[in-house]
Amino acid sequence: MITLPQDYRPSEDEEFMNPLQVEYFRRKLLRWQDELLREANGTLLSLSEGGIMEADITDRASVETDRALELRTRDRARKLISKIDQALQRVENGTYGFCEDTGEPIGLRRLEARPIATLSIEAQERHERMERVHRDD
C-alpha cells in the first residue's frame with residue numbers, strides 16, 4: 001500500500017507511471033467508479049418508487065421522457081463503469097498509462113482529462129482518421 005501525499009499531483013518531472021502516479025490514478029478511477037455507482041443506485045431507487053401517477057397526459061409524457069433520458073444516462077454510466085474496470089485491470093497488470101497501439105506513454109495531461117484512455121493522442125487521432133475514411137466508403 002502506497003501512502004499518497006494529500007496534495008500530490010503527477011508531474012512531468014517524475015518517472016512516468018512511478019508507484020505514486022499509479023496509485024494516484026488508481027484512486028482517481030476508484031472514486032469515479034464509486035460516484036457512478038452511487039448515482040446508479042439513486043436512479044434505481046427513484047425508478048422503483050412506483051408508477052406514473054400523473055393524471056394529465058402531458059405531465060405523464062413529460063415524466064416518461066425524463067425517465068427514458070435517465071435510463072439512457074445510466075446505460076452510458078454502465079458502459080463507463082466497464083471501461084473503468086478495464087483501466088483498473090491495466091493498473092494491476094502494469095500496463096496502465098501506456099498506449100495500446102504503440103506502447104508509448106499516453107501522457108499525464110491526457111490521463112488527467114480521461115483516466116480511461118487507452119491510446120496516446122497521436123494514436124487516437126490516427127484511429128479517428130481511419131474511422132472517417134472507412135465511414136466515407
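Residues numbered from 1 in each chain as written. Predicted model: local features only at pLDDT ≥ 70, side-chain atom pairs only at ≥ 80, totals over all residues. Heavy atoms only, no water.

Visitor: What exactly am I supposed to notice about the packing of aromatic side chains here?
Guide: Geometry of an aromatic ring pair is reported as the spacing of the ring centres plus the angle between the planes. All told, the structure shown has 4 aromatic pairs when counted by the stated rule. For the pair tyrosine 8 and tyrosine 24, a centre-to-centre distance of 5.9 Å together with 70° between the ring planes defines the contact as edge-to-face. Here tyrosine 8 is found in the segment before helix H1 (19–47), whereas its partner tyrosine 24 is found in helix H1, with 16 residues between them in sequence. Residue tyrosine 8 is classed as buried on the basis of its relative accessible area, which comes to 12%. (Phe/Tyr/Trp six-rings, centres within 6.5 Å; stacked < 30°, edge-to-face > 60°. Helix = DSSP H or I, 4+ residues; strand = E, 2+ residues; numbered from the N terminus. Buried < 20%, exposed > 50% of the residue type's maximum accessible area, 1.4 Å probe, protein only.)

Visitor: What is the right way to look at the environment of glutamine 21 in this model?
Guide: Within the secondary structure, glutamine 21 sits in helix H1. A residue is classified by how much of its surface remains accessible, and glutamine 21, at 0% relative accessible area, is buried. Between the alpha carbons of glutamine 21 and tyrosine 8 there is a distance of 9.0 Å; along the sequence they are 13 residues apart. With near-sequence residues (within four places) excluded, glutamine 21 lies in contact with Tyr8, Pro10, Ser11, Glu14, Glu15, Phe16 and Leu108. (Contact = heavy atoms within 4.5 Å.)

Visitor: Even after reading the chapter, I still don't get the pattern of salt bridges, so can you show me in this structure?
Guide: Pairs may arise between side chains of opposite charge once their charged atoms sit close together. Within this structure, the stated rule accounts for 8 salt bridges. Glutamate 39 is the salt-bridge partner of arginine 74, the closest N and O atoms lying 3.7 Å from each other. Here the residue arginine 74 occupies a position in helix H2 (residues 57–93), and glutamate 39 occupies one in helix H1, the gap between them amounting to 35 residues. Judged by its relative accessible area of 16%, arginine 74 is buried. Notably, a salt bridge pairs arginine 74 with glutamate 70, separated by 3.1 Å at the nearest N-O pair. Of the two residues, arginine 74 and glutamate 70 are both situated in helix H2; the distance of 4 residues between them amounts to about one turn of the helix. Linked by salt bridges that have partners in common, Glu23, Arg26 and Arg27 make up one network. (Salt bridge = Lys/Arg side-chain N within 4 Å of Asp/Glu carboxyl O.)

Visitor: Explanation requested: the side chain of serine 120 in the structure shown.
Guide: Tracing the chain through its elements places serine 120 in the loop between helix H3 (108–113) and helix H4 (121–136). Take serine 120: its relative accessible area is 5%, and that puts it in the buried class. Setting aside residues up to four positions removed in sequence, serine 120 forms contacts with Cys99, Pro105, Ile106 and Arg110.

Visitor: What exactly am I supposed to notice about the nonpolar core here?
Guide: As a rule of thumb, nonpolar side chains are buried together in soluble globular proteins. The biggest cluster of nonpolar side chains holds 23 residues, and the ones touching the most others in it are Phe25, Leu29, Ile84, Tyr96 and Leu111. For this core, the secondary-structure elements that each account for two or more residues are H1, H2 and H3. Aside from chain neighbours lying at most four places away, what touches tyrosine 96 is Met17, Phe25, Leu29, Ala87, Arg90, Val91, Leu111 and Pro115. (Core = buried A, V, L, I, M, F, W, Y, C linked by side-chain atoms within 4.5 Å.)

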